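# Coordinate inspection notes
Take a look at the letters that make up each chain.
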Amino acid sequence: MPASAPGLVGARLGTNGVVELLGDSTCMVALAGERAKFAREMNCGRCVPCREGSKQLVNLLRDVYEGEYKGGMLRELARVMRETSLCGFGREASRPVTTAMDEFETEFTAHAKGNCPTGICNQS
């Protein structure tokens, strides 16, 4: 796809963020968790969907490491955040998680079974 606004919008990537190039050694579950933690820590706290939703997002991603991948719950939470948050930050806060799930769902499933495909995550 072209690195242009129309190209990014056409690929459902939007234009209000960054495009990251990731290698084979990037664990997408860990990356999604990092982005969710950023949303939890950096939101302004004004609206409930973003403030509480970002906390729930982090917790649901932690559950993946504990053996429970709740993809439906993650997607529903992301939908609520996207549709009801007051600002763009809240509407887009869950996007890295849903993008990772859309493109790398097998990694989420593998983590729930105690295996990081990249081998970089510490599994207990």
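Remember, it's a predicted structure, so these values are computed and weren't measured experimentally. (Residues numbered from 1 in each chain as written. Predicted model: local features only at pLDDT ≥ 70, side-chain atom pairs only at ≥ 80, totals over all residues. Heavy atoms only, no water.)

### Overview of the pattern of salt bridges
- Within the structure shown, the criterion is met by 11 salt bridges.
- Between Arg75 and Glu105 there is a salt bridge, with its nearest N and O atoms 3.8 Å apart. Of the two residues, Arg75 is situated in helix α4 (residues 71-84) and Glu105 in helix α6 (residues 95-112); the sequence distance between them amounts to 30 residues.
- The exposure class assigned to Arg75 is partly exposed, which follows from its relative accessible area of 31%.
- Across the pair Glu92 and Arg95 runs a salt bridge whose closest N-O atoms are separated by 2.8 Å.
- You can call Glu92 partly exposed: its relative accessible area is 25%.
- Residue classification places Arg95 among the partly exposed residues on the basis of a relative accessible area of 27%. (Salt bridge = Lys/Arg side-chain N within 4 Å of Asp/Glu carboxyl O. Helix = DSSP H or I, 4+ residues; strand = E, 2+ residues; numbered from the N terminus. Buried < 20%, exposed > 50% of the residue type's maximum accessible area, 1.4 Å probe, protein only.)

### A few points about the side chain of Ser85
- Looking at the element boundaries, Ser85 is found in the loop between α4 and α5 (88-92).
- Of note is the side chain of Ser85, whose polar atom sits 2.8 Å from the backbone oxygen of Met81.
- Those residues in contact with Ser85 that lie beyond four places of it in its chain are Cys47, Pro49, Cys50, Val80, Gly90 and Arg91. (Polar contact = N/O pair within 3.5 Å; in protein donor to acceptor, adjacent residues only side chain to side chain. Contact = heavy atoms within 4.5 Å.)

### Overview of the environment of Arg46
- For Arg46, the position within the fold is in the loop between α2 (28-42) and α3 (48-65).
- Judged by relative accessible area, Arg46 falls into the exposed class, the value being 74%.
- Separated by 36 residues in sequence, Arg46 and Gly10 place their C-alpha atoms 31 Å apart.

### Focus: α3
- Taking 1.5 Å of rise per residue, 18 residues should cover 26 Å, and α3 covers 26 Å from first to last C-alpha, within 8% of that figure.
- If you check which residues of α3 are buried, you get Pro49, Cys50, Gly53, Ser54, Leu57, Val58, Leu60, Leu61, Asp63 and Val64.
- Looking at the packing, one finds that the buried side of α3 touches α2, α4, α5 and α6.
- Just downstream of α3, Gly67 is the residue with a positive phi angle, here 100°. (Expected span 1.5 Å × (residues − 1).)

### Points about the packing of α2 against α3
- Relative to each other, α2 and α3 sit at 155°, their axes nearing to 8 Å. Taken together, the axes of α2 and α3 are roughly antiparallel relative to one another. The crossing of α2 and α3 is left-handed. Packed against α2, whose contacting residues are Val29, Ala30, Ala32, Gly33, Ala36, Lys37, Ala39 and Arg40, the element α3 presents Ser54, Lys55, Leu57, Val58, Leu61, Arg62, Val64 and Tyr65 at the interface.
- Tallied by class, residues from the contact of α2 with α3 come to 10 nonpolar, two polar and four charged. (Axes fitted to C-alpha atoms, helices over the stretch in contact; angles between N-to-C directions. Parallel < 35°, antiparallel > 145°, perpendicular 65-115°, else oblique. Left-handed = near helix turned anticlockwise from the far one by under 90°. Nonpolar A, V, L, I, M, F, W, Y, C, P; charged D, E, K, R; others polar.)

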